[in-house]
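So you can see what is in the structure, the chains are spelled out below.
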Amino acid sequence: MLFDGSFESGNLGRVAAVSEFEFDLSIRPDTNNPHYRVWFNFTVSNVTCGQRVLFNLVNCSKTKSLFRLGMTPLVRSTSRGKWERVPKSQCFYYRSPRHKQAYLFTFAFLFDKAEHYQFAYCYPYTYTYLQRFLHHVDQQQFAFWDRQLLTRTVQHRRVDIITITSPSPLNDKKLPKKIVFLTARVHPGETPASHLCHGALAFLISDHPLARILRSNLVFKIVPMLNPDGVFLGNYRCSSLGFDLNRHWLNPEWSQPSIKATRDLLFTLQGLDFFIDMHAHSTATNSFMFANNASQHSERATTTESEMLFPRLLGMNDRTFSVSSTKFCKDPSKLGTGRRALGEFLSVAPYCYTLEVSLFCYTDRCNKPAPYTEETYSDLGRHLILTFVDFYKLHLIPNPTGDALMARKRREKEKEDRAKPKPADDPAPALRSP
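Residues numbered from 1 in each chain as written. Predicted model: local features only at pLDDT ≥ 70, side-chain atom pairs only at ≥ 80, totals over all residues. Heavy atoms only, no water.

(A) Quick look at the overall build of the chain. The secondary structure content of the chain amounts to nine helices and 20 strands. A total of 434 residues make up the chain; the buried ones form 54% of that total. Residue pairs at least 24 apart in sequence account for 72% of intrachain contacts in the chain once pairs closer than 6 positions are excluded. (Helix = DSSP H or I, 4+ residues; strand = E, 2+ residues; numbered from the N terminus. Buried < 20%, exposed > 50% of the residue type's maximum accessible area, 1.4 Å probe, protein only. Contact = heavy atoms within 4.5 Å.)

See the structure below:
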């Protein structure tokens, strides 16, 4: 068999053959930081039909893992491109006497076809995939879409800033629109955050009536990938220089260019109302939010009740979101996170949240665990955006504005054109479409 992890977002450090049928697999630590070994993404080829093997992941740095709750690796192959989970009955999480009682995750696998197989910790979402998606949207030349280079990383990859809003003013008085700022993928191995962000972007650029209303009344600014270097390298948590970027929002340095550029931009925005940083959680189930308590460092006029309003509305819109798991968090270890630094200490926006989603599952209506899919992650991103309709009560606006107003004026002009007298030689005017 041939093992390979040397591709974009790939990770496989070492393979040791225990026998002809069993292999110990080691996860490569994050670049310049040996403490994080969670994300894996590798391929296996040169297999034979009917070959059975045991794969042991021997050095995962988290013992408190979703593997204990039934999480299993994802797999796809050349002829079956859609990701599927390895059956739970083939997976085992236990202390191994052979590895000094360290926790091991072992899964048995049957190669039922002689083809190329890929295994991953969670649904991959690469830097290249994002760039292709953004380029595709660029080609549509939407009037409400603007993509700019915010900065470049240490390894010279793009950090994009997307602005989505109708070019029309909010009303005749040309009042400024409120700004919603979203970020994702500061931790490379938390790939569901990118699927959430993708779903949010896809809905915002759609022709859905509520998307048009949102574009007309709000400005959405989105940084879809804060850590492109870490994503490209296949890290779990750190940048190419070994920094956990989500601990440097208070005082970012040259070695954290994406955080510094985003932070500097946030200070220049007038009317910033929301900051939401999207993450994925490696030990919890469902999706939920971390919110800020009112702080003596903050000048915000928000209360506990107002802080909880948005999470409650999101819980009504998305069946995987848990309001009961949403909490106010003042953990000292999270002092440098975007949510706490920007909300409690720098006061850049009244509402600052961390949106977390499980890397594995949510609890369904029957109170049973249901694994997330790429589609349900994307749906959560769409429901996140729809929640702003409820929060700002945009569905109660009596007169359409922005995109909707432009569409109405266009229809009125077409109606006027049709009402004009027809030339004498116009054939059968009564048969023309109304």
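(B) Structural context of the pairing of strand β3 (residues 22–26). Within β3, five of the five residues are buried, which leaves the element mostly enclosed by the surrounding structure. In β3, alternate side chains face the same way, and those of Glu22, Asp24 and Ser26 on one face and Phe23 and Leu25 on the other are all buried. Bridge analysis of strand β2 (residues 14–17) against β3 gives four bridges, and the strand direction is antiparallel. In the sheet register, Val15 faces β3, and the bridge partner there is Leu25. Turn length for the β2-β3 hairpin, with the two strands adjacent in sequence and antiparallel, is four residues. Alignment of β3 against strand β5 (residues 51–57), held across four bridges, turns out to be parallel. Along β5, the bridge assignment pairs Phe23 with Phe55. (Pairing = 2+ DSSP bridges.)

(C) Quick peek at the pattern of salt bridges. Taken as a whole and assessed by the stated rule, the structure comprises 16 salt bridges. With a closest N to O distance of 2.7 Å, Arg147 and Asp138 form a salt bridge. Accessibility expressed as a relative area gives 24% for Asp138, which makes it partly exposed. With a closest N to O distance of 2.8 Å, Asp244 and Arg237 form a salt bridge. (Salt bridge = Lys/Arg side-chain N within 4 Å of Asp/Glu carboxyl O.)

(D) A look at the side chain of Asn33. Structurally, Asn33 is set in the loop between β3 and β4 (41–45). On the accessibility criterion, Asn33 (11% relative accessible area) is buried. Polar contacts involving the side chain of Asn33 include one to the main-chain amide nitrogen of His35, which spans 3.1 Å. Setting aside chain neighbours within four positions, we find Asn33 in contact with Cys238 and Gly242. (Polar contact = N/O pair within 3.5 Å; in protein donor to acceptor, adjacent residues only side chain to side chain.)

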